[in-house]
Amino acid sequence: MKFYNLKNVDEFLKVLDNCKGVVELISKDGDRLNLKSKLSQYVGLSKLFHDAHKLDLEIIAHEQDDVALLVQFLITN
C-alpha cells in the first residue's frame, strides 16, 4: 500500500508497534526495510520521515490484521 503525505509520524510508529507480523518499507530501488525493528526505525526512518510530508512510501504488511491496522491509520489520519 502507498502512504502519501504522512503527517503524524508518532502515531504511525505506534501503529507499527501494534502490528504482529512483518511490515516493510520498500525503497525506490526495491530494498526492503523491516519497520518492526526499532533499530531500523531509528537509523533508517529518522531521516526519511523528516521529509515524509513530501514522500510517497510503499509499505507491505504480511499479516491481514496488520493491513487492517494500517488502513485504519490512513483513514483516521
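No experiment lies behind these values; they were computed from the predicted model shown. (Residues numbered from 1 in each chain as written. Predicted model: local features only at pLDDT ≥ 70, side-chain atom pairs only at ≥ 80, totals over all residues. Heavy atoms only, no water.)

Enquirer: Quick question: what am I supposed to make of the packing of helix 1 (residues 9–18) against helix 3 (residues 64–76) here?
Expert: Two packed helices can be described by the angle between their axes and the distance between those axes. In contact at an axis separation of 9 Å, helix 1 and helix 3 are set at 165° when each is read in the N-to-C sense. By the angle between their axes, helix 1 is roughly antiparallel relative to helix 3. Between helix 1 and helix 3 lies a crossing of right-handed hand. In this structure, helix 1 uses Glu11, Phe12, Val15 and Asn18 to contact helix 3, whose residues at the interface are Leu69, Leu70 and Phe73. Considered class by class, the residues forming the contact of helix 1 with helix 3 number five nonpolar, one polar and one charged. (Axes fitted to C-alpha atoms, helices over the stretch in contact; angles between N-to-C directions. Helix = DSSP H or I, 4+ residues; strand = E, 2+ residues; numbered from the N terminus. Parallel < 35°, antiparallel > 145°, perpendicular 65-115°, else oblique. Left-handed = near helix turned anticlockwise from the far one by under 90°. Contact = heavy atoms within 4.5 Å. Nonpolar A, V, L, I, M, F, W, Y, C, P; charged D, E, K, R; others polar.)

Enquirer: In this structure, what is going on with the side chain of Asp66? I would like to understand it.
Expert: Turning to its location among the elements, Asp66 is positioned in helix 3. Buried within the structure, Asp66 lacks any salt-bridge partner; its nearest side chain of opposite charge belongs to Lys36, at an N-O separation of 6.4 Å. If sequence neighbours within four positions are ignored, Asp66 has contacts with Cys19, Lys20, Gly21, Val23 and Ala61. (Buried < 20%, exposed > 50% of the residue type's maximum accessible area, 1.4 Å probe, protein only. Lys, Arg positive; Asp, Glu negative; His and termini not counted. Salt bridge = Lys/Arg side-chain N within 4 Å of Asp/Glu carboxyl O.)

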